[in-house]
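Listed here are the chains, written in short residue letters.
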Amino acid sequence: MQIAVKRTDKPKSRPDDSDLTFGTLFTDHMFNMDYSPDKGWHNPRIEPYAQIPMDPATMVLHYGQAVFEGLKSYRTASGDIQLFRPKDNFKRLNRSCRKLCIPELDEEFVFSSLKELLKIDESWVPSAPETSLYIRPTIIAMDPFLGVRASNTYRFFIILSPVGVYYKEGFNPVKIWVTKDHVRAVRGGLGEVKTAANYAASLFAGEQAHKNGYTQVLWLDGIEQRYIEEVGSMNIFFVIADELITPMLNGSILPGITRDSVIALAKKWNIKASERKISIDEVLKAHVSGSLQEIFGSGTAAVISPVGELKCGDSVLSIGNGKVGPLAHRFFKTLTDIQYGKAKDSMGWIEPV
Ligand SMILES: Cc1ncc(COP(=O)(O)O)c(C=O)c1O
């Protein structure tokens, strides 16, 4: 398919890299493509960033049939632009499509479309340390129809947002609130894919955490509220004695690309890395015995997010004296050095634009 390109005649002004926040500002162009049963995915185009006109009955607004991805492009010291494991994001987008009854995309085609878009908005990729261009591919159900069924028509779009650090804390430990009253997802549900409903399900507990002075929620399993699943919108790791532990993928955890990268690096470094069930009781006990060394989250937005405090019921655990642990630091530095081209990518994770 040929991508039609229409460039903006009203380029926006860009703030300094030092003023960038997260997710508030969008570039000059976006990629769009439509789906209909007779034409399949068609009319791929790069055009000026614009609103999407919608009938109030548009199905995504009512039934949440939407999937999306989040990845970043990075500027290297030599000025080049590169992506970190982008094909894994498109693979995961198609997994999400299957779960939400949305027609799948041609992964190679959307990857090359993303590269075209990035070339056009190249000047928007910031270069200050820890800044990047966040990429949000999204698919939404477009039928104007009330009634629960899968839509027949869809819009796929990619928007780009220059971003600074995700947490105001930067690469510093955050405070986490364990909830037994709310669950994010259950096995057999939507938790293992990237769809809007999971984030809606997380809002109430997130607000409770914020009101109590905590940055994120630690999610437990939806059945027994006992086994740890994720932290905020990140995967989670524990260092207990000499073992690096992350909850095994069980059908309600999103298989994070950063999570997979952490496990791969740990194996390369001969660290004992386990994907297994881990209960909140095991973590509390490890803290009492002194073997709980580190907790950190992993995700595209913050890469590695160390946890300095965990509140669970009446217990408040201080982790690693509130300081960044050595493994969290090592993973953060190694991953960001690869992402920004400061270190050689021996894992085959980088794609040049
Ligand atoms: C719910 C959830 N879990 C985990 C992650 C981490 O995934 P990744 O490392 O691919 O960004 C994300 C972010 O995409 C997420 O939204």
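About the criteria used
Residues numbered from 1 in each chain as written. Predicted model: local features only at pLDDT ≥ 70, side-chain atom pairs only at ≥ 80, totals over all residues. Heavy atoms only, no water. Helix = DSSP H or I, 4+ residues; strand = E, 2+ residues; numbered from the N terminus. Rg over C-alpha atoms; globule rule 2.2 N^0.38 Å. Buried < 20%, exposed > 50% of the residue type's maximum accessible area, 1.4 Å probe, protein only. Areas by Shrake-Rupley, 256 points an atom, 1.4 Å probe, with all protein chains shown as cover. Lys, Arg positive; Asp, Glu negative; His and termini not counted. Charge placed at Lys NZ, Arg CZ, Asp CG, Glu CD. Phe/Tyr/Trp six-rings, centres within 6.5 Å; stacked < 30°, edge-to-face > 60°. Lys NZ or Arg CZ within 6 Å of the ring centre and 35° of its normal. Near = heavy atom within 4 Å. Polar contact = N/O pair within 3.5 Å; in protein donor to acceptor, adjacent residues only side chain to side chain. Nonpolar A, V, L, I, M, F, W, Y, C, P; charged D, E, K, R; others polar. Contact = heavy atoms within 4.5 Å. Salt bridge = Lys/Arg side-chain N within 4 Å of Asp/Glu carboxyl O. Axes fitted to C-alpha atoms, helices over the stretch in contact; angles between N-to-C directions. Parallel < 35°, antiparallel > 145°, perpendicular 65-115°, else oblique. Patch = residues over 30% accessible without salt bridge, like charges linked within 9 Å, V, L, I, M, F, W, Y side chains within 5 Å.

1. Some details on the overall build of the protein chain
Summing up its helical and strand segments, the protein chain has seven helices and 18 strands in all. A compact globule built from 353 residues would reach a C-alpha radius of gyration of about 20 Å, and the protein chain, at 21 Å, matches this within 12%. Projected onto the principal axes, the alpha-carbon positions of the protein chain cover approximately 60 × 50 × 35 Å. Split into buried and exposed, the 353 residues of the protein chain put 53% on the buried side. Of the roughly 15800 Å² of accessible surface on the protein chain, 51% is carried by carbon and sulfur atoms. Here the protein chain contributes 42 positively and 41 negatively charged side chains, and the mean placements of these two sets differ by 2 Å.

2. Observations regarding the packing of aromatic side chains
Two numbers describe a pair of aromatic rings. These are the distance of the centres and the angle of the planes. Summed over all chains, the structure comprises 13 aromatic pairs. Centroid distance Phe26 to Tyr49: 5.5 Å. Interplanar angle 15 degrees. Geometry classified as stacked. Here Phe26, found in the loop between strand E1 (4–5) and strand E2 (29–36), pairs with Tyr49, found in the loop between strand E3 (40–48) and helix H1 (59–63); they are 23 residues apart in sequence, far enough to count as distant. Seen from their ring centres, Phe84 and Trp349 are 5.5 Å apart, and the 75 degrees between their planes marks the pair as edge-to-face. Remark: Trp349 occurs in the loop between helix H7 (326–339) and strand E18 (350–352) and Phe84 occurs in strand E6 (residues 81–84); sequence separation between them is 265 residues. With respect to class, Phe84 is no different from Trp349; both count as buried. Pairwise contacts between aromatic rings join Phe31, Tyr35, Trp41, Tyr154 and Phe156 into one cluster. Its end group placed over the ring of Trp269, Arg330 keeps NZ or CZ at 3.6 Å from the ring centre.

3. Considerations on the site of the ligand
Residues in contact with the ligand amount to 15 residues; listed here are only the nearest, Tyr199, Glu230, Ile257, Thr258 and Thr300. A distance of 2.5 Å separates an oxygen atom of the ligand from a polar atom in the side chain of Tyr199. Taking Ile257, its main chain carries an N or O atom lying 2.8 Å from an oxygen atom of the ligand. Those elements giving two or more residues to the shell around the ligand turn out to be helix H5 (257–268) and strand E15 (292–299). Classifying every residue of the shell around the ligand gives four nonpolar, seven polar and four charged.

4. Here we look at the environment of Thr76
Secondary-structure assignment places Thr76 in the loop between strand E5 (71–75) and E6. Using a relative accessible area of 10% as the deciding quantity, one classes Thr76 as buried. Considering only alpha carbons, one finds Thr76 and Lys12, 64 residues apart in sequence, at a separation of 24 Å. If sequence neighbours within four positions are ignored, Thr76 has contacts with Gln82, Tyr340 and Gly341.

5. A closer look at the side chain of Gln339
With respect to the helices, strands and loops of the structure, Gln339 is situated in helix H7. Classification of Gln339 as buried rests on a relative accessible area of 3%.

6. Overview of the pattern of salt bridges
With the rule as written, the count across this model stands at 21 salt bridges. Between Lys119 and Glu116 there is a salt bridge, with its nearest N and O atoms 3.9 Å apart. One end of the pair, Lys119, and the other, Glu116, are both in helix H3 (residues 107–120), three residues apart, so they sit about a helical turn from each other. Given the relative accessible area of 48%, Lys119 is considered partly exposed. It is possible to trace a salt-bridge network through shared partners that takes in Asp34, Arg45, Glu47 and Arg155.

7. Notes on the packing of H5 against H7
Interhelical geometry of H5 versus H7 gives an angle of 110 degrees and a closest axis separation of 11 Å. The pairing of H5 with H7 is recorded here as roughly perpendicular in orientation. Side by side, H5 and H7 meet where Thr258, Ser261, Val262, Leu265 and Ala266 of the first sit next to Phe331, Thr334 and Leu335 of the second. For the contact of H5 with H7, the class distribution of residues is five nonpolar, three polar and no charged.

8. A look at a nonpolar patch on the surface
Taken together, the side chains of Tyr63, Leu146 and Val148 present a nonpolar region at the surface, about 330 Å² in accessible area. Within the secondary structure, Val148 sits in the loop between strand E7 (132–141) and strand E8 (154–163). The exposure class assigned to Val148 is exposed, which follows from its relative accessible area of 75%.

9. Looking at the environment of Gly251
Positionally, Gly251 belongs in the loop between strand E13 (243–247) and H5. On the basis of relative accessible area, Gly251 is assigned to the buried category, the value being 17%. For the pair Gly251 and Val193, spaced 58 residues apart in sequence, the C-alpha to C-alpha distance is 9.0 Å. Other than its neighbours up to four places away in sequence, Gly251 contacts Val186, Arg187, Gly188 and Glu192.

10. Quick notes on unusual backbone geometry
Phi is mostly negative for residues that are not glycine, and the peptide bonds are mostly trans. One non-glycine residue, Glu130, lies in the positive phi region at around 70 degrees. Along the polypeptide, Glu130 turns up in the loop between H3 and E7.

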